[in-house]
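# Examination of the molecular architecture
Residues per chain are reported as follows:
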Amino acid sequence: AIKGPSLTGFKSLRLKEGRAIATVNSTIRALRAVLNHALEDGLIDVAPKFKILPGANVRSWILSPEQEPKYLEACTEPLRTVATIILDAGLRPDECFRLKWENVRWIDDKRAVLIVPGTKTEAALRIVPMTPRVRDILRSRWEKVGKQTSGWVFPAKKATVGHIVPNTIYQPHLDAVTNSGICEKQFVLYALRHTCLSRWGASGMDAWTLARLAGHSS
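For the structure given in this document, a descriptive report is provided here. (Residues numbered from 1 in each chain as written. Predicted model: local features only at pLDDT ≥ 70, side-chain atom pairs only at ≥ 80, totals over all residues. Heavy atoms only, no water.)

Judged by nonpolar contacts, the single largest core of 39 residues is most densely connected at Tyr-71, Ile-85, Leu-114, Phe-187 and Leu-192. Breaking this core down by element, the ones donating at least two residues are helix H3 (67–74), helix H4 (79–89), helix H5 (93–97), strand E2 (112–117), helix H6 (132–144), helix H7 (166–179) and helix H8 (191–202). The element contributing the most residues to this core is H4, with seven residues. In this structure Tyr-71 touches Leu-63, Leu-79, Ala-83, His-173, Ala-176, Val-177, Ser-180, Ile-182, Phe-187, Leu-189 and Leu-192, once residues within four positions along its chain are discounted. (Core = buried A, V, L, I, M, F, W, Y, C linked by side-chain atoms within 4.5 Å. Buried < 20%, exposed > 50% of the residue type's maximum accessible area, 1.4 Å probe, protein only. Helix = DSSP H or I, 4+ residues; strand = E, 2+ residues; numbered from the N terminus. Contact = heavy atoms within 4.5 Å.)

Turning next to the packing of H4 against H8. Between H4 and H8, whose axes approach to 7 Å, the crossing angle comes to 30°. Relative to H8, H4 is oriented roughly parallel. The interaxial crossing formed by H4 with H8 has right-handed handedness. Where H4 abuts H8, its residues Ala-83, Ile-86, Leu-87, Asp-88 and Ala-89 lie against Leu-192, Arg-193, Thr-195, Cys-196, Arg-199 and Trp-200. Grouping the constituent residues of the contact of H4 with H8 by class yields seven nonpolar, one polar and three charged. (Axes fitted to C-alpha atoms, helices over the stretch in contact; angles between N-to-C directions. Parallel < 35°, antiparallel > 145°, perpendicular 65-115°, else oblique. Left-handed = near helix turned anticlockwise from the far one by under 90°. Nonpolar A, V, L, I, M, F, W, Y, C, P; charged D, E, K, R; others polar.)

This part covers the environment of Phe-154. For Phe-154, the position within the fold is in the loop between H6 and H7. By relative accessible area, Phe-154 is classed as buried at 1%. Sequence-wise, Phe-154 and Arg-193 are 39 residues apart; in three dimensions their C-alpha atoms are separated by 18 Å. Setting aside anything within four residues of it in sequence, one finds Phe-154 in contact with Pro-78, Thr-81, Val-82, Ile-85, Cys-96, Leu-99, Arg-141, Gly-162, His-163 and Ile-164.

The next point concerns the packing of aromatic side chains. What the rule picks out here adds up to three aromatic pairs. Between Tyr-71 and Phe-187, the aromatic rings sit 4.8 Å apart at their centres with planes inclined by 55°, giving tilted as the arrangement. One end of the pair, Tyr-71, is in helix H3; the other, Phe-187, is in the loop between H7 and H8, and 116 residues separate them in sequence. Given a relative accessible area of 3%, Phe-187 falls into the buried group. Every member of this aromatic cluster is reached through a ring pair, and the members are Trp-61, Tyr-71 and Phe-187. In this structure, Lys-100 is placed above the aromatic ring of Trp-152, and the distance from its NZ or CZ to the ring centre is 4.7 Å. The aromatic ring of Trp-106 is capped on one face by Arg-139, whose charged end is 4.4 Å from the ring centroid. (Phe/Tyr/Trp six-rings, centres within 6.5 Å; stacked < 30°, edge-to-face > 60°. Lys NZ or Arg CZ within 6 Å of the ring centre and 35° of its normal.)

Right under this line is the structure:
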């Protein structure tokens with residue numbers, strides 16, 4: 001029963017309620033995902049095509065090299081390790097939360113890679129080389145847990161999914177932002193991924209390699 005016209009009315013209603021364009025678009029993406037799953041499961045015959053609203057504010061804030069050590073120093077664990085991985089490997093926060101030791105591959109004493117089991121798109125599944133500091137941090141963590149060959153890299157006993165979730169580090173991140181003296185409203189955890197990708201681009205990395213390492217489908 002959900003068609004284009006009904007979605008148009010929904011968009012208008014939400015905007016009149018004072019919702020931001022980005023908020024309305026997030027809802028549309030969620031609805032689109034639900035209907036695509038319904039199509040795959042044979043519950044509906046056709047998934048309608050929904051267009052998101054133009055004009056949404058895009059977060060463009062990134063962490064400067066001068067701010068980075070201040071922020072990381074203010075972080076507690078496991079946030080510090082998560083933040084470092086995102087900063088150096090460009091993972092989406094959820095991809096980092098769901099890392100397993102099976103995804104960590106030690107090639108030799110100097111080289112290691114992360115097998116990112118992304119689920120957002122087919123392109124999200126990728127191999128990302130570790131920087132020396134990420135390799136050292138993960139190797140230290142790996143040795144402390146007895147060199148496990150399976151299991152979550154960031155386990156959380158209280159979380160039903162078994163690994164850390166956004167709520168695990170939401171407050172620690174806010175505290176680190178405040179304690180570091182940065183106090184920037186746009187400094188959400190995802191900004192660390194934006195920072196990594198921006199640095200890759202500024203380094204001269206070609207667009208195709210950047211897209212592959214970032215897990216972008218386009």
